[in-house]
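The primary structure of each chain is shown beneath.
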Amino acid sequence: MQKYANPTRFMKIADAVLPWLTTATVILFVAGLYLTSVAPPDYEQGHTVKIMFIHVPSAWLAMMCYTIIAASSVGSLIWRHPLADVSAKTAVPIGVAFTFLALVTGSLWGKPMWGTYWVWDARLTSVLVLFFLYLGLMALWQAIEDPSRAGRSAAILAIVGFVNVPIIKFSVDWWSTLHQPASVVKMSGPAIHSSILIPLLVMAAAFTCLFFVLHLRAMQNEILRRRVMAMRLLQVERAANVEAGAPAE
Amino acid sequence: MFGLGPHYGFIFASYAIVAFVLAGMIVWIAWDGRTQRRLLAELEAQGVTRRSKRHGSASADPDAVFSGSDK
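Residues numbered from 1 in each chain as written. Chains lettered and ligands numbered in written order. Predicted model: local features only at pLDDT ≥ 70, side-chain atom pairs only at ≥ 80, totals over all residues. Heavy atoms only, no water.

### Description of the overall build of chain A
What chain A contains, in helices and strands, is 7 helices and 0 strands. Scanning chain A from its N terminus toward the C terminus, one meets helices and strands in the order α-α-α-α-α-α-α. For chain A, the accessible area works out to roughly 11800 Å², and carbon and sulfur atoms hold 69% of it. (Helix = DSSP H or I, 4+ residues; strand = E, 2+ residues; numbered from the N terminus. Areas by Shrake-Rupley, 256 points an atom, 1.4 Å probe, with all protein chains shown as cover.)

Okay, structure coming up:
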């Protein structure tokens, strides 16, 4: 892994991978939206089942993104991997977006199906907690000026907060909730008809590819931002040396 | 409406919000990338070079100025 810890090497690999990943994302979205448009109505929910094709991938991505942040935080704290806190930091705003989308589309699906936009049940509340955890991580990164100190504090919060991810996943099994239980990822196999399952899986793949495109680009941006910061420091250092009469490095 | 039944408003609103938020993320990340590349080019035009570049090849000392991480 240390071989890939080199930011310059990472930039080159990301540049090579991104065009392919972007193309895959576009193709998957075109296919996913077409399959979504022709998917039959659910026997109970009617056409509102179409909200599932964007709600479920958003919710999966919200949890996957937090898992990546927690894994990156472990890498940052234990191995001091130079890209780990770049990965953790840049995944946070993307995770906020997907969690927000999961909450909003869930509410918009809940109103016609449950008769309410919101209930304080275990699944919804634990996802709201995840949203606040993301906001807390964003606030920490903004509040502490020194990036390495900010990274360490954010890593600790991310690892502690990871306990919420299995709670979200199993909340529908552990507690009685209004939210339906797992119907795709379950031991006995998916409980959804293939006419609805296939568009859902294609949309999930499209969302996942989009996440990786956004994350890789955001990581590249963060590496460039840190280079700009370092070069500005060098510029100031040089100017100070010239003023003091010392030879510039 | 559009054969989507009585709850078409909820379906449209969901897709519109997702499209808006994802498009916003894409634009923001692309804009941030452009800004950072422009700032880097401006600094290089002013003669500020990274230590790794001044000391030879980037592979020997990959990112000597990669601050913010405990390398």
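Following the structure, the description resumes.
### Details of the overall build of chain B
For chain B, the helix and strand inventory stands at 2 helices and 0 strands. When burial is assessed residue by residue, chain B has 35% of its 71 residues classed as buried. For chain B, the accessible area works out to roughly 4100 Å², and carbon and sulfur atoms hold 66% of it. (Buried < 20%, exposed > 50% of the residue type's maximum accessible area, 1.4 Å probe, protein only.)

### Regarding the packing of aromatic side chains
One pass over the structure, following the stated rule, counts 9 aromatic pairs over all chains. Judged by centre distance (5.6 Å) and plane angle (45 degrees), the rings of A:F29 and A:F207 are tilted. A residue pair is termed long-range when its members are at least 10 positions apart, and A:F29 in helix α1 (residues 7-38) and A:F207 in helix α7 (residues 194-244) qualify at 178 residues. A relative accessible area of 1% means that A:F207 is categorised as buried. Here B:Y8 and B:F12 contribute two aromatic rings whose centre-to-centre distance is 6.5 Å and whose plane-to-plane angle is 75 degrees, an arrangement assigned as edge-to-face. Of this pair, B:Y8 and B:F12 are both found in helix α1 (residues 8-45), 4 residues apart, which corresponds to roughly one turn of the helix. Among the residues examined, B:Y8 registers a relative accessible area of 31% and is labelled partly exposed. Classification of B:F12 by relative accessible area gives partly exposed; the value is 39%. Three or more aromatic residues joined by ring pairs form one cluster here, namely A:F29, A:F98 and A:F207. (Phe/Tyr/Trp six-rings, centres within 6.5 Å; stacked < 30°, edge-to-face > 60°.)

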